[in-house]
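# Structural description and commentary
In case you want the letters, here they are:
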Amino acid sequence: SNWQLLRRLFGLAWRYRRGCAAVLVEQALLVALSLAMLGMTGVAIDALRHWVDPTSGPPSWPLGISPPPSFSPLAVTAILSATILVLAVAHAALRYVASMSAGRLVQNIVVDLRSEVYDKLQRLSFRFFDNHRTGSIINRVTGDVQAVRMFVDGVVVQMLAVALSLVVYLYYMLWLHVGLTLAALATTPLLWVAAIKFSRRVRPAYQRSSELTDDLVLKLSETVQGIHVVKGFAREDDQIARFAAANRAVETQKEGIFWKISLFQPWMGFLTQVNMIVLLAYGGWLVIEGRLALGEGLFVFANLLQQFANQV
């Protein structure tokens, strides 16, 4: 069953828990730096608004540290810009480190797993090889190893990073305004439902694509292994036609998958834009009424909402 497969794959990921933990910590720091840059940008917007319109009220300076009154607006703007630049440089450097760590983790998984699969093949009985096609076995060693690598890198690690990001974003939005958070995230359950339904519909198509790829690899391996027979009986054109037909079958199946994805992604994007419309309507009213800041409130909230939707 799928759950049995997931348990085995999570067990595989546990063997690389130190690398996964390091990547997770780096992702957490990246989220913190992103929020810090976003918050400083909001402060800068509120400061500019206050200087233009003193009746709007001063910004809420982070950690209660405000610039001296003797500083001019231009000097304060320069300090805020420099702070955001420093945070951006730190974020870029940490992102490079995180990418390198993830890359090393992934390559370790690929090398170890491919070696283990090949070692397992050497120990299997003749019956196994009699009951399984060569193309399917080759695809297991090549394609499925990459699929497991993508699971560890793109699901296990990313799932933990996404869960952490969602909790942080949700807490930040609730801290800004509870009512606005509930209103702006009203369609989030629809995102989950749509993702689950899409997964159930597209999974058989991916399975069929894997089977067709097995058949394609099988035809290739049979042709290479029996090339002397093919040339001896002048069957090159027949083999080319067989391979072309298998290749077209894979292409047609992939096109069907891409068609489903091309419908799914705009629908998800539409739901996220509905959230943004609610935010602009309700959040704009809160700003006009003076119950929410423009920069640290509406601007920061809009970016948080966009990030939250992307993570979901």
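Structural data are supplied above this passage.
Attention here is on the structure that accompanies the text. Just so you know, these numbers come straight off a predicted model, no measurement behind them.

### Examining the nonpolar core
Among soluble globular proteins, nonpolar side chains are generally buried collectively. Among the nonpolar cores identified, the biggest contains 24 residues, and Met173, Leu279, Phe301, Leu304 and Leu305 are the most heavily contacted of them. Element by element, the count of residues in this core is highest for helix 10 (residues 294–311), at seven residues. With 17 residues, the next largest nonpolar core counts Ala13, Tyr16, Val23 and Val148 among its residues.

### Thoughts on the environment of Ile109
By the secondary structure assignment, Ile109 is in helix 3 (residues 73–123). Sequence separation between Ile109 and Arg149 is 40 residues; the distance between their C-alpha atoms is 6.3 Å.

### A short note on the packing of helix 9 (residues 236–288) against helix 10
In a pair of packed helices, the angle between the axes and the distance between the axes together describe the arrangement. Contact geometry of helix 9 with helix 10 gives a least axis separation of 11 Å together with a crossing angle of 165°. As summarised for this structure, helix 9 and helix 10 are arranged roughly antiparallel, according to the angle between their axes. Along this stretch, helix 9 crosses helix 10, giving a crossing that reads as right-handed. The segment helix 9 lies against helix 10, with Thr272, Gln273, Asn275, Met276, Leu279, Gly283, Gly284 and Val287 engaging Leu294, Leu298, Phe301, Ala302, Leu305, Gln306 and Ala309. Taken together, the residues that form the contact of helix 9 with helix 10 break down as nine nonpolar, six polar and no charged.

### Description of unusual backbone geometry
Backbone geometry at Ala234 places phi at a positive 55°, although glycine is not the residue there. Position of Ala234 among the secondary structure elements: in the loop between helix 8 (227–232) and helix 9.

### Some remarks on the packing of helix 7 (residues 188–225) against helix 9
Their axes nearest at 9 Å, the elements helix 7 and helix 9 cross at an angle of 165°. Judged on the interaxial angle alone, helix 9 and helix 7 are roughly antiparallel. In this structure, the crossing between helix 7 and helix 9 has a hand that is left-handed.

### A few points about the packing of aromatic side chains
All told, the structure shown has five aromatic pairs when counted by the stated rule. With centroids separated by 5.4 Å and ring planes inclined at 90°, the aromatic side chains of Phe128 and Phe129 adopt a geometry described as edge-to-face. Since its relative accessible area comes to 24%, Phe128 is described here as partly exposed. On the accessibility criterion, Phe129 (36% relative accessible area) is partly exposed. Taking the centre distance of 6.0 Å and the plane angle of 55° together, the rings of Tyr172 and Trp175 count as tilted. With Tyr172 and Trp175 both in helix 5 (residues 134–176), this residue pair falls three residues apart, about one helical turn.

Cut-offs used in this document
- Residues numbered from 1 in each chain as written.
- Predicted model: local features only at pLDDT ≥ 70, side-chain atom pairs only at ≥ 80, totals over all residues.
- Heavy atoms only, no water.
- Core = buried A, V, L, I, M, F, W, Y, C linked by side-chain atoms within 4.5 Å.
- Buried < 20%, exposed > 50% of the residue type's maximum accessible area, 1.4 Å probe, protein only.
- Helix = DSSP H or I, 4+ residues; strand = E, 2+ residues; numbered from the N terminus.
- Axes fitted to C-alpha atoms, helices over the stretch in contact; angles between N-to-C directions.
- Parallel < 35°, antiparallel > 145°, perpendicular 65-115°, else oblique.
- Left-handed = near helix turned anticlockwise from the far one by under 90°.
- Contact = heavy atoms within 4.5 Å.
- Nonpolar A, V, L, I, M, F, W, Y, C, P; charged D, E, K, R; others polar.
- Phe/Tyr/Trp six-rings, centres within 6.5 Å; stacked < 30°, edge-to-face > 60°.

Note that every value here comes from positions in space, so none of it alone points to a role or purpose.
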